[in-house]
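Structural characterization, general
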Amino acid sequence: MPVVHLLRHGHVHNPDKVLYGRLPEFRLSETGQAMARAVADDLVSRSTPVGRVIASPLLRAQQTARPLADAFGVDIVTDARVIEALNAYEGRPLQSGAADFIHPRNWWLLRNPWRPSWGEPYLEQQDRMWAAIRDAVEANPDSDTVMVSHQLPIWVARLAFEKRRYLHDPRSRQCGLASLTSFTFENGEPVAMSYREPAAHIEVPA
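Computed from a prediction, not measured in an experiment: that's the story for all the values here.

When helices and strands are counted, the protein shows five helices and six strands. Mapped in sequence order, the helices and strands of the protein form the string β-α-β-α-β-α-α-β-α-β-β. Judged by the C-alpha coordinates and their principal axes, the protein covers about 50 × 35 × 25 Å. Buried positions account for 51% of the 206 residues belonging to the protein. Residue pairs at least 24 apart in sequence account for 69% of intrachain contacts in the protein once pairs closer than 6 positions are excluded. Here the protein has roughly 10,200 Å² of accessible surface; of this, 52% comes from carbon and sulfur atoms. Each charge class in the protein was averaged separately, 23 positive and 24 negative side chains, and the resulting centres sit 7 Å apart.

Structure (structure tokens):
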């Protein structure tokens, strides 16, 4: 049965703590590069039958995909449907974390957490992610696909599969750096989901 592994990109070089969103220049840190290699090594060691590697067009996703493509001898297929979610905070420094989001100057952005009002609607993320996942299975039905994406779109795809509501606390997302959220398909339909963190042993700098 084919499996689509949604891989979150590795740690990003971001010394100014900017919410980088879809900004193009943000690259993996040395830690992130080590994470990408660790995921590739893990999948090879498990004899995972990876036949296709897909990545978001953003640099950090492309860099995360490179060790996998090299390890399995395939090209990277770029798919804009698995890009990061749009976010009104993009480009802003968020030195204080959640406190910056809830500052009074941002209250209008927070008026509708169900949609959400500060970014790309959850339903649009769900639709584009699952269209990409299903197309990946159709294009590669006899082996596994690794799809390098971003935390929120991956989490939304999982919530849709589990039929859970989209409103959530971002701190509750089970989608760590370089983690794998994997969907197993049978007769063209997703029937199971699993989650692993192959790079969890790599320490993230403070």
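From this point, the discussion proceeds with the structure in view.
Structurally, the position occupied by Glu120 is in the loop between helix H3 (98-101) and helix H4 (122-139). In contact with Glu120, other than residues within four places in its own chain, are Arg22, Glu84, Ala85, Leu86, Arg115, Gln125 and Arg128.

Overall, mixed pairing links the six strands, which are arranged E3-E2-E4-E1-E5-E6 in an open sheet. Because the sheet does not close on itself, it has two edges, and the strands there are strand E3 (76-78) and strand E6 (189-196). Taken pair by pair, the neighbouring strands of this sheet meet at an average axis angle of 25°, ignoring direction. Pairing between strand E5 (residues 180-186) and E6: seven bridges, direction antiparallel. Note that in E6 the partner of Phe183 across the bridge is Met193. Packing of helix H2 (residues 59-72) onto the sheet brings it into contact with strand E1 (3-8), strand E2 (50-55), E3 and strand E4 (144-149), and relative to E2 it is tilted by some 165°. Against the sheet, helix H5 (residues 151-161) makes contact with E1, E4, E5 and E6, and its axis sits at roughly 130° relative to E6, the strand it touches most.

Of all hydrophobic cores here, the largest spans 22 residues; its most connected members are Leu7, Val39, Leu43 and Leu68. Looking at this core, the elements that each hand over two or more residues are helix H1 (30-45), E2, H2 and E4. Ignoring any residue separated from it by four or fewer positions in sequence, one finds Leu43 in contact with Thr48, Val50, Leu68, Phe72, Val146, Leu180 and Arg196.

Each pair of aromatic rings is reported with the distance of its centres and the angle of its planes. The full count for this structure, using the stated rule, is five aromatic pairs. Consider the rings of Phe161 and Phe183, whose centres lie 5.4 Å apart with planes at 70°: the pair is edge-to-face. Residue Phe161 is located in helix H5, and its partner Phe183 is located in strand E5; the two are separated by 22 residues in the primary sequence. Of the residues examined, Phe161 reaches a relative accessible area of 22% and is grouped as partly exposed. One aromatic cluster in this structure is built from Trp130, Phe161, Phe183 and Phe185.

Its identity as a non-glycine residue notwithstanding, Ala178 has a phi of 55°, on the positive side. Mapped onto the fold, Ala178 is located in the loop between H5 and E5. Positive phi, close to 55°, is recorded for Asn187, a residue that is not glycine.

Cut-offs applied
Residues numbered from 1 in each chain as written. Predicted model: local features only at pLDDT ≥ 70, side-chain atom pairs only at ≥ 80, totals over all residues. Heavy atoms only, no water. Helix = DSSP H or I, 4+ residues; strand = E, 2+ residues; numbered from the N terminus. Buried < 20%, exposed > 50% of the residue type's maximum accessible area, 1.4 Å probe, protein only. Contact = heavy atoms within 4.5 Å. Areas by Shrake-Rupley, 256 points an atom, 1.4 Å probe, with all protein chains shown as cover. Lys, Arg positive; Asp, Glu negative; His and termini not counted. Charge placed at Lys NZ, Arg CZ, Asp CG, Glu CD. Pairing = 2+ DSSP bridges. Axes fitted to C-alpha atoms, helices over the stretch in contact; angles between N-to-C directions. Core = buried A, V, L, I, M, F, W, Y, C linked by side-chain atoms within 4.5 Å. Phe/Tyr/Trp six-rings, centres within 6.5 Å; stacked < 30°, edge-to-face > 60°.

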